[in-house]
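A structural walkthrough
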Amino acid sequence: MKTINPQRRLFFGAFAAFGALTLAGCERLSRTDWFPKILGAGETASEGAAHLLTSRKAMAQEFTVNELSPDFRSNGTAQPASDAYRALMANGFADYRLEIGGLVERPATLSLAELKALPSRTQITRHDCVEGWSAIGKWKGAKLSALLEAVRPRPEARYVVFYCADPMAEDGTDLYYESIDFEDAFHPQTILAYELNDAALPVKNGAPVRLRVERQLGYKHAKYVMRLEVVSDFAHIAGGKGGYWEDNGYQWFAGI
């Protein structure tokens with residue numbers, strides 16, 4: 001197992017312990033008056049600590065096969081409640097297509113097979129959730145950096161937005177989305193994962209493709225990714241905060 005500076009997770013350790021005491025999910029927490037305020041107070045401290053204690057280019061801790069969690073639990077949506085997703089799932093995701101557009105010179109649409117043909121990375125990492133739990137899993141996926149290099153972002157591009165298949169409203173609307181900046185997008189451990197523990201990614205964990213951005217908390221790891229948009233800012237997207245939970249009071253920077 002690789003060693004890691006214990007100071008790096010100092011802030012998160014206290015935060016996760018607090019999350020464990022709440023025994024509540026992301027949605028329930030976001031509806032309280034107090035939890036988003038705590039996150040708001042924590043973001044500045046967390047981001048400052050991340051830059052002070054270690055470079056954002058540093059690698060997240062990796063583990064051994066013997067340290068894998070017996071079951072990698074599902075967080076958030078366990079299966080998107082949409083006819084479009086059900087159709088993809090019924091066909092074993094043979095008709096899945098990942099769209100990449102926005103501020104790029106070469107927009108692309110990739111099948112799952114084409115995504116798997118890109119340079120990949122396998123890593124055993126820990127998923128840390130704001131609910132207070134963690135799990136260690138072995139992920140394999142396409143390097144996001146390789147995908148971005150293929151589509152050639154324009155000079156003004158700064159962020160990648162991930163649009164997902166899971167509706168967050170009961171009427172099937174308000175699809176989940178997330179975003180990261182180029183510093184995280186080009187990090188070697190940031191991948192579009194299609195395997196978990198040497199098997200095809202399970203539906204409950206985000207099949208067919210989910211983001212793994214190992215230097216951030218779990219809600220940044222978008223599941224059921226359908227489309228990528230490269231942008232200069234995200235003020236015009238949805239609530240303008242850069243992600244579904246961010247629009248509901250969570251913080252855009254969730255570094256650990």
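Every residue gets a number counted from 1 within its own chain, in the order that chain's sequence is written. Predicted model: local features are reported for residues with pLDDT of at least 70 only, side-chain atom pairs are reported and counted for 80 or more only, and whole-chain, interface and lining totals are derived from all residues. Processing note: side-chain calculations cover all non-hydrogen atoms of the structure and skip hydrogens and water entirely.

Whether two strands pair comes down to DSSP finding at least two bridges between them. In this description a helix means any DSSP run of H or I spanning at least four residues, a strand means any run of E spanning at least two, and both kinds are numbered starting from the N terminus. Read across the open sheet, the five strands follow the order 2-1-10-5-6; overall the sheet is mixed. Each of the sheet's edge strands pairs with one partner strand only, and the pair in question is strand 2 (108–111) and strand 6 (175–181). Pairwise comparison of adjacent strand axes, ignoring direction, gives a mean angle of 20° for this sheet. To obtain an axis, a line is fitted to C-alpha atoms, over the contacting stretch when the element is a helix, and the angle between two such axes runs from 0 to 180 degrees between their N-to-C directions.

Moving on: the side chain of Ser145. With respect to the element layout, Ser145 can be found in helix 6 (residues 144–151). Among all residues touching Ser145, those that are not within four sequence positions of it are Ala185 and Phe186. Two residues qualify as a contact provided that any one of their heavy atoms is within 4.5 Å of a heavy atom in the partner residue.

Let's shift gears to helix 6. Across the eight residues that make up helix 6, a large majority, six, are buried. Accessibility here uses a 1.4 Å probe with only protein chains present; expressed as a share of the type maximum, an area under 20% marks a residue as buried, one over 50% as exposed, and anything in between as partly exposed. All of the buried residues along helix 6 are Leu144, Ser145, Ala146, Leu147, Leu148 and Val151. Where helix 6 ends, the next residue or the one after it, Arg152, has phi of about 60°, a positive value.

Here we take up unusual backbone geometry. A cis geometry characterises the amide bond from Ala207 onward to Pro208, with omega recorded as 5°. You can see Pro208 is positioned in the loop between strand 8 (199–200) and strand 9 (210–212). Its identity is not glycine, yet Tyr224 carries a phi of approximately 55°, on the positive side. Inspection of the secondary structure assignment puts Tyr224 in the loop between strand 9 and strand 10 (225–231). Overall, Tyr224 belongs to the buried group, its relative accessible area being 0%. Unusually for a residue other than glycine, Ala238 sits at a positive phi of about 50°. Here Ala238 shows up in the loop between strand 10 and helix 8 (244–247). We classify Ala238 as exposed; its relative accessible area is 64%.

Put simply, a nonpolar core is a bunch of buried Ala, Val, Leu, Ile, Met, Phe, Trp, Tyr and Cys residues held in one set by side-chain atoms that sit within 4.5 Å of each other. Ranked by size, the top nonpolar core spans 63 residues in total, and within it Leu98, Leu115, Leu144, Leu147, Phe162, Leu192 and Leu228 carry the most contacts. Of the residues forming this core, the biggest block, seven residues, is contributed by strand 5 (residues 159–167). Not counting chain neighbours up to four residues away, the residues in contact with Leu228 comprise Leu98, Glu99, Ile100, Gly101, Leu144, Leu147, Val160, Val161, Phe162 and Leu192.

Classification of ring pairs rests on two measures: the distance between centres of Phe, Tyr or Trp rings, Trp counted by its six-membered ring, which must be within 6.5 Å, and the angle between planes, read as stacked under 30 degrees, edge-to-face over 60 and tilted in between. A full pass over the atoms with the stated rule returns twelve aromatic pairs. Look at Phe72 and Trp139: their rings are 5.1 Å apart centre to centre, the planes differ by 85°, and that puts the pair in the edge-to-face class. Of this pair, Phe72 sits in the loop between helix 3 (35–53) and helix 4 (83–90) while Trp139 sits in strand 4 (residues 134–143), placing them 67 residues apart in sequence. Between Tyr176 and Tyr244, the aromatic rings sit 5.8 Å apart at their centres with planes inclined by 35°, giving tilted as the arrangement. Here Tyr176, found in strand 6, pairs with Tyr244, found in helix 8; they are 68 residues apart in sequence, far enough to count as distant. A relative accessible area of 9% places Tyr244 in the buried class.

Among the secondary structure elements, Arg212 is positioned in strand 9. By relative accessible area, which is 0% here, Arg212 ends up buried. The spatial distance from the C-alpha of Arg212 to the C-alpha of Ala193 is 6.5 Å, given a sequence separation of 19 residues. Setting aside chain neighbours within four positions, we find Arg212 in contact with Gln123, Thr125, Arg126, His127, Trp139, Gln189, Thr190, Ile191, Ala193 and His221. In protein, a polar contact requires one atom able to donate a hydrogen and another able to accept it; more generally it is a pair of N or O atoms within 3.5 Å, and residues adjacent in sequence count only if both atoms are side-chain atoms. Polar contacts involving the side chain of Arg212 include one to the side chain of His221, which spans 3.1 Å.

In terms of burial, strand 6 is a largely internal element, six of the seven residues being buried. Both strand 5 and strand 6 contribute to a ladder of six bridges, which runs antiparallel. In the sheet register, Pro167 faces strand 6, and the bridge partner there is Leu175.

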